[in-house]
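# Descriptive analysis of the structure
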Amino acid sequence: MGKQKESTAMEIEDQSSIPSDQISNLKFSVNVLQLLKSAQMQHGLRFGDYARYRCKKFGIYRRYCTARLRRLYKSLKFTHGRLKYTKRSISVTTVTEVRFLHLVLYTAERAWSHAMEKKTLPDGPNARQRSYLIGRLRKAVKWASLFQELCSIKGDSRTSLEAEAYAAYMKGSLLFEKDQNWDIALKCFKSARAVYEELGKYGDLENQVLCRERVEELEPSIRYCLHKIGESNLQTSELVSIGEIEGPALDLFKAKLEAAMAEARSQQAASMTEFHWLGNRFPISNAKIRVSILKVQELEKDIHGSAADSLPAEKKLVLYDKIFAAYHEARSGIRNDLVTAANSENVKDELSGLDKAVGAILGQRTIERNQLLVKIAKSKLNKVRDDKNEKVTKPEELVRLYDLLLQNTADLSDLVSSGRDRKVEEVALAEECELRSMAFRAERCFYLAKSYSSAGKRTEAYALYSRARSLADAALLKLQSANAADQVMIKELRTLYNESRSNSCAEHAKGIMEEEKAPENLSKKISNISLNGTDKKMEKLLMEKLDTYESAVGETNMKVVPRIETFPPAFQPVPRNPIVLDLAYNLIEFPSLDSRMKKDKKGFISRFWG
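Residues numbered from 1 in each chain as written. Predicted model: local features only at pLDDT ≥ 70, side-chain atom pairs only at ≥ 80, totals over all residues. Heavy atoms only, no water.

The next thing to look at is the pattern of salt bridges. Opposite charge on two side chains makes pairing possible when the charged atoms of those side chains draw close. Within the structure shown, the criterion is met by 17 salt bridges. Residue Glu-97 pairs with Arg-99 through a salt bridge whose shortest N-O separation is 2.7 Å. Judged by its relative accessible area of 17%, Glu-97 falls in the buried class. Taking the shortest distance from any N to any O, the salt bridge between Arg-369 and Asp-321 comes out at 3.8 Å. Of this pair, Arg-369 sits in helix H14 (residues 345-379) while Asp-321 sits in helix H13 (residues 313-339); the two residues are 48 residues apart in sequence, bridging distant segments of the chain. A single network of salt bridges, built from pairs that share partners, joins Lys-37, Arg-214 and Glu-217. (Salt bridge = Lys/Arg side-chain N within 4 Å of Asp/Glu carboxyl O. Buried < 20%, exposed > 50% of the residue type's maximum accessible area, 1.4 Å probe, protein only. Helix = DSSP H or I, 4+ residues; strand = E, 2+ residues; numbered from the N terminus.)

So, in structure tokens, the structure goes:
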């Protein structure tokens, strides 16, 4: 689809029929936004992979934009020489067809994507990389300005407008990154937004959607520029909600926003000296640990705040991932400090207590996240697959999630129970972990019974439902006897108890019905067995699969009647004794054997009587 759009954007009239004196007056059309959006989405920017957009793998990594430019240079016969490089510039007189405009556009894109690749490094660009980044952005501005100049003369009105918006965005991005001339950057972003707002009113539906998305991507950068100029009343912490839109135009803004938030956290961390957990106070001397803990506290406000109920589950999962990353960063700093703490026992005890507190909170957030996953899975458990092919949850997946919850609860209980001098709050948390573990075991048993029920194993399902009911009853009794009982958990356990009871009764009834109907069903299926048949599509006959453990009466979904054996049986070769006809025996003349026969010896008297 992207190649089709690209070829459509490059499609012009056959110039072989156009006189040379009219080529200079020819106006070209390039759908800039549609062309670039298609190329970016197909080559890495859908996932923020600028290296892939700039490069493409053909055995080795080759730059994607460079490969595109190479094909254009070669097809236009506009190369720079083979042995010695000879620079060939593109001017208004050079542009005799639309592909020359593509040359300039893709050169600007190559420089921009290279800069963005440096910007999105995991640890951020260092001083040298930042200098190189700004140089690449200057190069992108240079080529975008040339593209605007050429399109204003050689392009139609729409192409000229899009080129103007593209050049304005590139210039605004350069000033945005340099932290200079915020008023000029604001003017550039507003100019680009005005063009896309106007272009979004015309054209087909796809073009309107692309223009609207581009306007939404530019809006956060405009508001950030207003904030830096001082014309906006927004606080730095309030800018986080602006950057929730995804898109290549927002990556510079998000990097700036993260830097501003880190600076604000550093200033706030200076006043943070202690970390409170379950009645314990742990001093924090490391500034990086303070910043990580402050970042976590800001994220936890979004999850546990007043607007948490309206927050979608997918965004909550993203927030939990950020919380885990910040907590792991804090624990890494604590353990590095433990290594460098030398022989100071007091400092080591304080750092060990802080590590235990952060680990316990991390365990609690892990349990909360897995409970959110359980909630999502339960909502999809009884769903029918719709047109969007949404994955339907199986009971086995819930069993796996409850296994994780039981493991998380056991780990948290072991962590809290460790240590000699435990406070009342820690003992209460350990008891809460025990109650949660009982509730999770009941839930796990219930969904394990569901999986056996779906497999048609009534006896096992009935026993597991009964076990789940007894576990839920025991957890309810223990919860109700606790001082600070969790009403939400009590309500869930009562629902589980009632469902386990009703499901166990249903499984009992189904088991009895199936047992009563078993002889009838078996007799019916056996009566349907055919001794012979003409169906040649049968894989095997019953007599041919006596050594396999398969149904003797056929499955319920079989469309043909099972057969025992073919009748009448087919002819088979039978081995017989060989027949020998000895015709040569009567014609053979055997030699005389008299000379070899033994002669009788006679006595003297017998000679006279012989």
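There is more to say after this.
Moving on: helix H7 (residues 127-154). Taking 1.5 Å per residue as the helical rise, H7 with its 28 residues ought to reach 40 Å, and the 40 Å between its terminal C-alpha atoms agrees with that figure. Within H7 the residues assigned to the buried category are Leu-133, Ile-134, Arg-136, Leu-137, Ala-140, Val-141, Trp-143, Ala-144, Phe-147, Leu-150, Cys-151 and Lys-154. (Expected span 1.5 Å × (residues − 1).)

To continue, consider the nonpolar core. Of all hydrophobic cores here, the largest spans 65 residues; its most connected members are Leu-101, Leu-103, Phe-147, Tyr-166, Phe-189 and Tyr-196. Mapped by element, the contributors of at least two residues to this core are helix H3 (32-42), helix H5 (64-76), helix H6 (98-119), H7, helix H8 (157-178), helix H9 (182-199) and helix H10 (205-229). At 12 residues, the largest contribution of residues to this core is made by H6. Contact partners of Tyr-196, with chain neighbours within four places excluded, come to Leu-33, Glu-162, Ala-165, Tyr-166, Cys-211, Arg-214, Val-215 and Leu-218. Among the nonpolar cores identified, the runner-up in size contains 64 residues, and Phe-275, Ala-360, Cys-445 and Ala-449 belong to it. (Core = buried A, V, L, I, M, F, W, Y, C linked by side-chain atoms within 4.5 Å. Contact = heavy atoms within 4.5 Å.)

Across the interface, H9 lies against H10 with an axial gap of 9 Å and an inter-helix angle of 160°. Here H9 is positioned roughly antiparallel relative to H10, judged by the angle of their axes. Pair H9 / H10 crosses with left-handed handedness. Across the contact of H9 with H10, the residue classes tally to 15 nonpolar, two polar and seven charged. (Axes fitted to C-alpha atoms, helices over the stretch in contact; angles between N-to-C directions. Parallel < 35°, antiparallel > 145°, perpendicular 65-115°, else oblique. Left-handed = near helix turned anticlockwise from the far one by under 90°. Nonpolar A, V, L, I, M, F, W, Y, C, P; charged D, E, K, R; others polar.)

What follows concerns unusual backbone geometry. Phi is positive for Lys-77, close to 55°, though the residue is something other than glycine. As for its position among the elements, Lys-77 is in the loop between H5 and H6. Taking the relative accessible area as the measure of exposure, Lys-77 reaches 72% and is therefore exposed.

Averaged over every residue, the pLDDT of the chain is 76; residues scoring 70 or more account for 74%. Scored below 50 in pLDDT, residues 1-21 shows 33 contacts in the model against residues more than four places distant or in partner chains. Segment residues 234-250: pLDDT under 50, and 42 contacts once partners within four positions in sequence are set aside and those in other chains are kept. (pLDDT = per-residue confidence, 0-100.)

The next point concerns the pairing of strand E4 (residues 280-283). By the alternation rule, side chains of E4 split into Asn-280 and Phe-282, which are all buried, and Arg-281 and Pro-283, of which none is buried. Two elements, strand E3 (residues 274-277) and E4, share four bridges in a ladder whose sense is antiparallel. Its bridge partner lying in E4, Glu-274 is registered against Pro-283. Linking E3 to E4, which pair antiparallel, is a turn of two residues; within it Leu-278 sits at a positive phi near 50°. (Pairing = 2+ DSSP bridges.)

A few words on the packing of H6 against H7. At a minimum axis separation of 8 Å, H6 and H7 run at an interaxial angle of 160°. Taken together, the axis directions place H6 and H7 in an arrangement best described as roughly antiparallel. Of the two elements, H6 crosses H7, and the hand of that crossing is left-handed. Counted together, Leu-101, Val-104, Leu-105, Thr-107, Ala-108, Arg-110, Ala-111, Trp-112, His-114, Ala-115, Lys-118 and Lys-119 of H6 and Tyr-132, Leu-133, Arg-136, Leu-137, Lys-139, Ala-140, Trp-143, Ala-144, Leu-146, Phe-147, Leu-150 and Cys-151 of H7 form the full contact between these two elements. Of the residues contributing to the contact of H6 with H7, the split by class is 17 nonpolar, two polar and five charged.

What follows is about the environment of His-328. By the element assignment, His-328 lies in helix H13. Take His-328: its relative accessible area is 46%, and that puts it in the partly exposed class. Separated by 36 residues in the primary sequence, His-328 and Ser-292 place their C-alpha atoms 9.0 Å from one another.

On to the side chain of Ser-504, then. Tracing the backbone through its elements, the reader meets Ser-504 in helix H18 (residues 487-527). Its relative accessible area of 3% is what places Ser-504 among the buried residues.

Moving on, we come to the environment of Asn-280. Positionally, Asn-280 belongs in strand E4. For Asn-280, a relative accessible area of 14% corresponds to the buried category. Ignoring any residue separated from it by four or fewer positions in sequence, one finds Asn-280 in contact with Phe-275, Lys-423 and Glu-426.

Moving on, we get to the packing of aromatic side chains. Following the criterion strictly, the structure yields 12 aromatic pairs and no others. For the pair Tyr-73 and Phe-78, a centre-to-centre distance of 6.3 Å together with 5° between the ring planes defines the contact as stacked. Comparing Tyr-73 with Phe-78, the two get one shared label, buried. Cluster of aromatic residues (ring-pair linked, three or more members): Tyr-402, Phe-440, Phe-446, Tyr-447 and Tyr-465. The side chain of Arg-214 reaches across the aromatic face of Tyr-169, ending 4.8 Å from its centre. (Phe/Tyr/Trp six-rings, centres within 6.5 Å; stacked < 30°, edge-to-face > 60°. Lys NZ or Arg CZ within 6 Å of the ring centre and 35° of its normal.)

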